[in-house]
Structure formats: structure tokens, C-alpha cells
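# Chains, contacts and geometry: an overview
Listed here are the chains, written in short residue letters.
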Amino acid sequence: MHKRRRLLAALSIAPLAAALPARAQSAPRIEVYKSPTCGCCNDWIDHLKANGFSVVAHDVGNNAARARLGLPARYGSCHTAVVDGYVVEGHVPAREIRRLLIERPQAVGLAVPEMPFGSPGMDGPKYGNKVDPYDVLLVLRDGSARVFQSYR
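In short, a report on the structure. Fair warning: this is a prediction, and the values are worked out from it, not measured in the lab.

### Description of helix H4 (residues 94–103)
Three- or four-residue spacings in an α-helix give side chains the same orientation, since the helix completes a turn every 3.6 residues. Residues Ala-94, Glu-96, Ile-97, Leu-100 and Leu-101 constitute the buried set of H4. On an axial view of H4, the arc spanned by its buried residues comes to 165°, and they lie on one face. Counted as exposed and oriented over 90 degrees from the buried face of H4: Arg-95 and Ile-102. Of the residues one or two after H4, Arg-104 is the one with positive phi, at around 50°.

Shown next as C-alpha cells:
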């Protein structure tokens, strides 16, 4: 009889226990600074949302935000974002942003300089299905960078 009660009790709290990890891993909030007319920026935002990010877009351009956040202009692209204290510049895949948030390196953030075809927001038929090799850079506090992930 006691085994049956324990089993029933365990089964009754199973749905609550299953919900805990989802709540603990709530959607990371990312703020994006971009031009109000940039289509690829909007496509990158769609990529982030499809990958579980909560996005707040600021249609004010990104040069001032990039400078304010301390990312050297040489790593620039068409949009600048900030998530949990890290800068994310350009068409960085959501997968690498999640990795950044897990690993938490001592860095300014991530950058995909320029706008390579095949990166999130610069992909698909709209861009002729072209795919350029590119690197996601980890930008360090001294302004240098190293490859965080290569896409070939």
C-alpha cells in the first residue's frame, strides 16, 4: 500500500518537475541596435526568436551602440546586440550565443564582421543560396580576437 501511495505521489508531481528546467532556462533577452530599414537585420532577429531568444529591437542604427559597448569598429557589421553583458556584432548564429552564455569567457563578446552569405539572416533563396565560409570571433577585452567557431 505504501509503495502505491509513493508511486501516485511521484506521478502527481512529475509534471511540475518537468516544468522546472524549462522555467530555469527562460528565454535570454537580447537587445538589438539596427537600422529601421535593414532586411537582413530583421531576418537575423527572426533567427534569434526561432531559437528561443526574447528580442527587443532598437531602430536607431548601431554605430553609437557599438562604440558605447566597447567593440572595435574593425569587427563591425550591420547590427549590434547586447545579451547578459556581452556584445554580439553581426550575423552570429544563435548556437554560438548560447555557447557564449554557458562558457562565459572573459571577453567583450562575439562578432561576425561584415555580412557573409550563409550566416543567419544572410541565408536562403533571398541571397541566391550562396554560402561563404566565415568565422565567429571572440573579441577579447584588449581588442584582439580569436576564432570562437568556424563555419566552412
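### Looking at the pattern of salt bridges
On inspection of all chains with the given rule, the structure shows nine salt bridges. Linking Glu-31 and Arg-29 is a salt bridge whose minimum nitrogen-to-oxygen distance equals 3.1 Å. The residue Arg-99 makes a salt bridge to Glu-96 at a minimum N-O spacing of 3.6 Å. Of the two residues, Arg-99 and Glu-96 are both situated in helix H4; the distance of three residues between them amounts to about one turn of the helix. When its relative accessible area of 27% is taken as the criterion, Arg-99 is described as partly exposed. Through salt bridges with shared partners, one network takes in Arg-95, Glu-96, Arg-99 and Glu-103.

### Some remarks on the pairing of strand S5 (residues 109–112)
In terms of strand pairing, strand S4 (residues 86–90) meets S5 through four bridges, oriented parallel. Its bridge partner lying in S5, Val-88 is registered against Leu-110. Here S5 pairs with strand S6 (residues 134–139) via three bridges, running antiparallel. Pairing of Ala-111 across the sheet is with Leu-137, part of S6.

### Points about the nonpolar core
Counting residues in each nonpolar core, the largest one holds 23 residues, and the members touching the most others are Ile-30, Trp-44, Leu-48, Phe-53 and Ile-97. Where this core is concerned, the elements lending two or more residues are strand S1 (29–33), helix H2 (39–50), strand S3 (80–83), S4, H4, S5 and S6. Counting residues per element, this core draws most heavily on H4, at four residues. Dropping the residues within four chain positions of it, Leu-48 is found in contact with Ile-30, Phe-53, Val-55, Ala-94 and Ile-97. Judged by nonpolar contacts, the second largest core, of seven residues, contains Leu-71, Val-87, Ala-111 and Leu-137.

### Digging into the environment of Met-115
Relative to the helices and strands, Met-115 is located in the loop between S5 and S6. Assessed through its relative accessible area of 36%, Met-115 is described here as partly exposed. It is 9.1 Å that separates the C-alpha atoms of Met-115 and Cys-40, two residues lying 75 residues apart in sequence. Those residues in contact with Met-115, other than ones at most four positions away along the chain, are Cys-40, Ser-77, Cys-78, His-91 and Met-122.

### Considerations on the side chain of Ser-119
The topology assignment puts Ser-119 in the loop between S5 and S6. A residue is classified by how much of its surface remains accessible, and Ser-119, at 0% relative accessible area, is buried. Engagement of the side chain of Ser-119 in a polar contact is seen with the backbone oxygen of Pro-116, the distance being 2.6 Å. Not counting chain neighbours up to four residues away, the residues in contact with Ser-119 comprise His-91 and Tyr-134.

Basis of the calculations
Residues numbered from 1 in each chain as written. Predicted model: local features only at pLDDT ≥ 70, side-chain atom pairs only at ≥ 80, totals over all residues. Heavy atoms only, no water. Buried < 20%, exposed > 50% of the residue type's maximum accessible area, 1.4 Å probe, protein only. Helix = DSSP H or I, 4+ residues; strand = E, 2+ residues; numbered from the N terminus. Arc of directions from axis to C-beta. Salt bridge = Lys/Arg side-chain N within 4 Å of Asp/Glu carboxyl O. Pairing = 2+ DSSP bridges. Core = buried A, V, L, I, M, F, W, Y, C linked by side-chain atoms within 4.5 Å. Contact = heavy atoms within 4.5 Å. Polar contact = N/O pair within 3.5 Å; in protein donor to acceptor, adjacent residues only side chain to side chain.

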